[in-house]
Every structure is written in structure tokens, then in C-alpha cells.
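# Fold and geometry: a report
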Amino acid sequence: MTKTVLITGGSRGIGRATAVLFAAKGWNVALSFVGNQESADETCAMCERAGFTGNVIARKCDVRDEDSVIALFEAARDRFGAIDAVVNNAGIVARQSTLADMDIDRMKSVFDTNVLGAYLVAREAARTLRSGTAIVNVSSIAAKLGSPGEYIDYAGSKAAIDTLTIGLAKELGPKGIRVNAVRPGIIETDIHASGGRPERAHELGPNCPLGRAGDPQEVAQSIFWLISGDASYVTGSIIDVSGGR
Ligand code: NDP
């Protein structure tokens, strides 16, 4: 039977690459966007061109909103029946700043999306998934590096994702559900423009041991592996996909 993956923030960047990869592997894809319907439609079209044998749906969902998250999971179940994997990917950065200069609205926005939002998605996954399924949370290498002078709030929000991964793997392991995370380094997506530095990937990419920024597909491949049966004995793991950064 065709398997189904639910991907939050699947309309652009890493989420989009993950949606297209799963589609190419023959999975059904339920992806969410928050405001950018055009990008979501484009991702659906890309999935359909990816040698696709499954189906794809895109639903609007703000991960900060409990009802919205519940409705996303309901829509996926209504369309496809069971959900076999959840990629907890939606996330934001705010503009580059030192901690001393950060205002509370910005910090709330980052924590509401990256922590509360991710925990709501993980909670719904914990309520929905059954034995033999898997969750991948999208953390960041910032959780290890701290992002001083740039995004120290974002780094803290991603450290919470690492903790979520470790705790939830222990809660859900006995039920046969695996929980892992990836920590991307600098990946070429729109997120850098959102953080006020559209050239960040080009500026900082060469500073890592592999000497370049990553492609969203390279993160998607790691996410796919963690969900696939090839990683059947891997849970509670957090894998750096950072070019050694
Ligand atoms: P993008 O900015 O390219 O895409 C962000 C996605 O998240 C979009 O689909 C967007 O929807 C969605 N989104 C944003 N806010 C919300 C919300 N409140 N509710 C639901 N969906 C939302 O980001 P990336 O692909 O770069 O990032 C994906 C994940 O990877 C994030 O968690 C990020 O922190 C993490 N990451 C990225 C790195 C990088 O260098 N790119 C490095 C390390 C981690 P819409 O299209 O509708 O706006």
C-alpha cells in the first residue's frame, strides 16, 4: 500500500525538497504552507512531475495554532487514511541581531513558531502515528553553535527541538515509533532573506569543511533515510547535515 508522509512547511526550501523526494519514491504527500499558496501549488506540481505514483495535497496550516495543526492531520487522514511519517520542518528566523537588541515580539515569534509550533506538530504525530512509523524533526546546527550576534533566540529554539527528539524517542520507542532529527548547516533557501541576509548562504557556505552551502535536496536525502526502513534501528539520533560546520 502507498505510504503517506506529512510535511509541515512543505511549500519551500527544505520542506519542498523533501516533498518532491518522497513523491519521487512513490509516497503520498500531505504538505502544509502558512501564507504562500502559490509556492505550495508549485511544490504540488513538482511532486506530480517527479515520476509520481502517489498523490499530493497542500493545506494551509499555521503551526502556532493548535486547531490549525489538528485540522492538518485530519485533512491528511481524510485524504489518505493512515499517516506513516511526519517531517516536523516549519521554522523561521528573525532579522540578525545581538540578544541585547532583540525585542520581545521578535523573540516570541521565533519561539512560538519553532518551539510551540514544532511541539504541537509532534504532539499530534504522537497521537496519530502507529507502530512502524517515524518522525523527523528539523533542528539546526545553530543548536550547537549558539549563533552569537545573529540569531541566539533561534539557536535556543532549535536546542528545544533536540531535546524534543531525545524525549519523544523514549516515549514513543515502546510503541514502535522512531523519532530522529536533522541539524542542517547553511542551506540555500529563502530563510536567509527572511533573516535579512539573502547572501548569507554564499558568504558563509565556504567557511565549512566541505567549502560550500548545502542544497535542500541533501537535507531531504537524510530525512528520507531516517524515515526509511534502512534506519530501522535508529531513534533518538540527531544527525548533522552541515558540511562539517
Ligand atoms: P524557508 O523559509 O525556505 O521555508 C519555510 C517554510 O515554513 C515555508 O514552507 C513556510 O510556509 C513555512 N512556515 C513558516 N512559518 C510557518 C508557520 N507559522 N506555520 C506553518 N508553516 C510555516 O525555510 P527552510 O526550508 O530554510 O527551513 C526549513 C527548516 O529548516 C526550518 O525549521 C529551519 O529552521 C531549518 N533550517 C534551515 C537552515 C537553512 O540554512 N536553510 C539551516 C538550519 C535549519 P510559506 O511558504 O507559506 O511561507
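For clarity, every value in this text was computed on a predicted model and none was experimentally measured.

### What about the overall build of the protein chain?
Of the regular secondary structure elements, the protein chain holds 9 helices and 7 strands. At 17 Å, the protein chain has a C-alpha radius of gyration in line with the 18 Å of a compact globule built from 245 residues. Counting only C-alpha atoms and orienting by the principal axes, one finds that the protein chain spans roughly 50 × 40 × 35 Å. The buried share of the protein chain, reckoned over its 245 residues, is 48%. Nonlocal contacts in the protein chain, meaning residues at least 24 apart in sequence, comprise 73% of its contacts between residues at least 6 apart.

### A closer look at unusual backbone geometry
Here Ser147, not a glycine, exhibits a phi torsion of approximately 50°, which is positive. Within the secondary structure, Ser147 is located in the loop between helix 5 (142-145) and helix 6 (152-172). Assessed through the 20 C-beta atoms surrounding it within 10 Å, Ser147 is described here as buried.

### Things to note about the nonpolar core
Residues Val29, Val86, Val136 and Ile223 are the most contacted members of the largest nonpolar core, which totals 74 residues. With sequence-adjacent residues up to four places away left out, Val136 is seen in contact with Val87, Asn88, Asn180, Ala181, Val182, Ile223, Leu226 and Ile227.

### Here we look at the confidence of the model for the protein chain
Detailed conclusions should not be drawn from predicted coordinates in areas where pLDDT is low. For the protein chain, the mean per-residue pLDDT works out to 97, and 100% of the residues sit at or above 70. The complex prediction reports pTM at 0.98, with the ipTM value standing at 0.99.

### Let's talk about the site of the ligand
In the region of the ligand, 32 residues are neighbours, and Gly9, Gly13, Asn36, Gly91 and Thr189 sit closest. Within the residue set of the shell around the ligand, elements represented by two or more residues are helix 1 (13-24), strand 2 (28-33), helix 4 (104-128) and helix 7 (191-194). Looking at the shell around the ligand, the element that brings in the most residues is helix 1, giving 3 residues. Along the lines of polarity and charge, the residues of the shell around the ligand split into 12 nonpolar, 16 polar and 4 charged.

### A few points about the packing of helix 4 against helix 6
At a minimum axis separation of 9 Å, helix 4 and helix 6 run at an interaxial angle of 15°. One finds that helix 4 runs roughly parallel with respect to helix 6. For the pair helix 4 and helix 6, the sense of crossing is right-handed. Between helix 4 and helix 6, the contacting residues are Met107, Val110, Phe111, Asn114, Val115, Ala118, Tyr119, Ala122 and Ala126 on the first element and Asp153, Tyr154, Ser157, Lys158, Ala160, Ile161, Leu164, Leu168 and Leu172 on the second. Across the contact of helix 4 with helix 6, the residue classes tally to 14 nonpolar, 2 polar and 2 charged.

### Focus on the pairing of strand 5 (residues 134-138)
By the criterion of burial, strand 5 is predominantly enclosed, with 5 of the 5 residues buried. Burial along strand 5 is two-sided: Ala134, Val136 and Val138 and Ile135 and Asn137, pointing in opposite directions, are all buried. As paired strands, strand 4 (residues 85-88) and strand 5 are joined by 4 bridges and run parallel to one another. What sits directly across from Ala85, in strand 5, is Ala134. Remark: the strand 4/helix 4/strand 5 crossover connection has right-handed handedness. As paired elements, strand 5 and strand 6 (residues 178-184) share 5 bridges and run parallel to each other. Across the sheet, residue Ala134 finds its bridge partner in strand 6, namely Arg178.

Quick notes on the rules
- Residues numbered from 1 in each chain as written.
- Predicted model: local features only at pLDDT ≥ 70, side-chain atom pairs only at ≥ 80, totals over all residues.
- Helix = DSSP H or I, 4+ residues; strand = E, 2+ residues; numbered from the N terminus.
- Rg over C-alpha atoms; globule rule 2.2 N^0.38 Å.
- Buried ≥ 20, exposed ≤ 12 C-beta atoms within 10 Å, placed from the backbone.
- Contact = placed C-beta atoms within 7 Å.
- Core = buried A, V, L, I, M, F, W, Y, C linked by C-beta atoms within 7 Å.
- pLDDT = per-residue confidence, 0-100.
- Near = placed C-beta within 6 Å.
- Nonpolar A, V, L, I, M, F, W, Y, C, P; charged D, E, K, R; others polar.
- Axes fitted to C-alpha atoms, helices over the stretch in contact; angles between N-to-C directions.
- Parallel < 35°, antiparallel > 145°, perpendicular 65-115°, else oblique.
- Left-handed = near helix turned anticlockwise from the far one by under 90°.
- Pairing = 2+ DSSP bridges.
- Right-handed = clockwise from strand over helix to strand, strands pointing away.

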